[in-house]
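Each chain, written out:
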Amino acid sequence: MAQYYSYNRENAKRKTSTSSLKEAIEDMLEFYKLRTKFDETYVAAHWEQIMGAPIAARTTKVYITEAKLYIQLDSAALRNELLMAKNKILQLINQAIGAELVNEVIFL
């Protein structure tokens with residue numbers, strides 16, 4: 001005799017012990033201690049959105065290691081302007097991440 005599936009409305013409801021996908025990913029990043037690396041790659045991937053298109057167009061390399069942001073530029077004039085605005089860069093990046101990720105900016 002074949003058994004048929006019967007729909008049970010009680011089993012279809014969301015259980016209280018479940019979490020959203022965002023919460024599950026956040027928990028996974030914290031559990032495997034990948035949060036800082038994820039944030040570092042986020043800054044590199046979204047550099048144009050954080051700093052703007054004119055600065056991103058003249059930036060050749062961006063990476064973060066040990067709470068230091070390394071920026072390689074192809075314009076000496078832009079490098080001098082950004083040297084004077086180091087605090088603003090730190091503020092923009094840490095604000096975009098929502099945490100204290102970068103402590104120092106180094107120009108290559």
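In this text, all values refer to a predicted model and were calculated from it rather than measured experimentally.

1. Some details on the packing of aromatic side chains
Using the criterion set out here, one finds two aromatic pairs in the structure. A ring pair is formed by F31 and Y32, whose centres lie 5.0 Å apart and whose planes are at 85°; its orientation type is edge-to-face. Taken as a pair, F31 and Y32 share a single burial class, namely exposed. Residues Y63 and Y70 carry aromatic rings whose centres are separated by 5.0 Å and whose planes lie at 15° to one another, so their mutual orientation is stacked. Judged by its relative accessible area of 18%, Y70 is buried.

2. Quick word on the sheet that holds strand β3 (residues 104-107)
Reading across from one edge, β1-β2-β3 is the order of the three strands in this open sheet, with mixed pairing throughout. Every interior strand has two partners, whereas the edge strands, β1 (59-65) and β3, have only one. On average, each strand axis in the sheet is inclined to that of its neighbour by 20°, with strand direction left out of account. The sheet contact formed by β1 and strand β2 (residues 68-73) spans six bridges and is antiparallel. The residue bridging K61 from the neighbouring strand is Q72, located in β2.

3. A short note on the side chain of S75
By the secondary structure assignment, S75 is in the loop between β2 and α6 (76-84). In this structure the side chain of S75 is engaged in a polar contact, spanning 3.3 Å, whose partner is the backbone nitrogen of L78.

4. A short note on the packing of helix α3 (residues 35-45) against helix α7 (residues 86-97)
For the pair α3 and α7, the least separation of the axes is 10 Å and the interaxial angle reads 120°. Considering their axes alone, α3 and α7 lie oblique with respect to each other. Crossing hand, α3 versus α7: right-handed. Contact with α3, carried on its side by D39, Y42 and V43, involves I93, A96 and I97 of α7 and no other residues of that element. Here the residues of the contact of α3 with α7 sort into five nonpolar, no polar and one charged.

5. Notes on the pattern of salt bridges
One pass over the full model with this rule turns up four salt bridges. Close ionic contact of R35 with D39 constitutes a salt bridge, the shortest N to O distance being 3.6 Å. Taken together, the residues span about one helical turn, with R35 and D39 both in helix α3 at a distance of four residues. As far as burial versus exposure is concerned, R35 and D39 are alike and both buried. One salt bridge connects E40 with K37, and the closest N-O pair in it is separated by 3.8 Å. You can see E40 and its partner K37 sitting in helix α3, three residues apart, about one turn around the helix. Relative accessible area serves as the criterion here: at 15%, E40 is assigned to the buried category. Taken together, the shared-partner salt bridges connect E26, E30, R35 and D39 into one network.

Cut-offs applied
- Residues numbered from 1 in each chain as written.
- Predicted model: local features only at pLDDT ≥ 70, side-chain atom pairs only at ≥ 80, totals over all residues.
- Heavy atoms only, no water.
- Phe/Tyr/Trp six-rings, centres within 6.5 Å; stacked < 30°, edge-to-face > 60°.
- Buried < 20%, exposed > 50% of the residue type's maximum accessible area, 1.4 Å probe, protein only.
- Pairing = 2+ DSSP bridges.
- Helix = DSSP H or I, 4+ residues; strand = E, 2+ residues; numbered from the N terminus.
- Axes fitted to C-alpha atoms, helices over the stretch in contact; angles between N-to-C directions.
- Polar contact = N/O pair within 3.5 Å; in protein donor to acceptor, adjacent residues only side chain to side chain.
- Parallel < 35°, antiparallel > 145°, perpendicular 65-115°, else oblique.
- Left-handed = near helix turned anticlockwise from the far one by under 90°.
- Contact = heavy atoms within 4.5 Å.
- Nonpolar A, V, L, I, M, F, W, Y, C, P; charged D, E, K, R; others polar.
- Salt bridge = Lys/Arg side-chain N within 4 Å of Asp/Glu carboxyl O.

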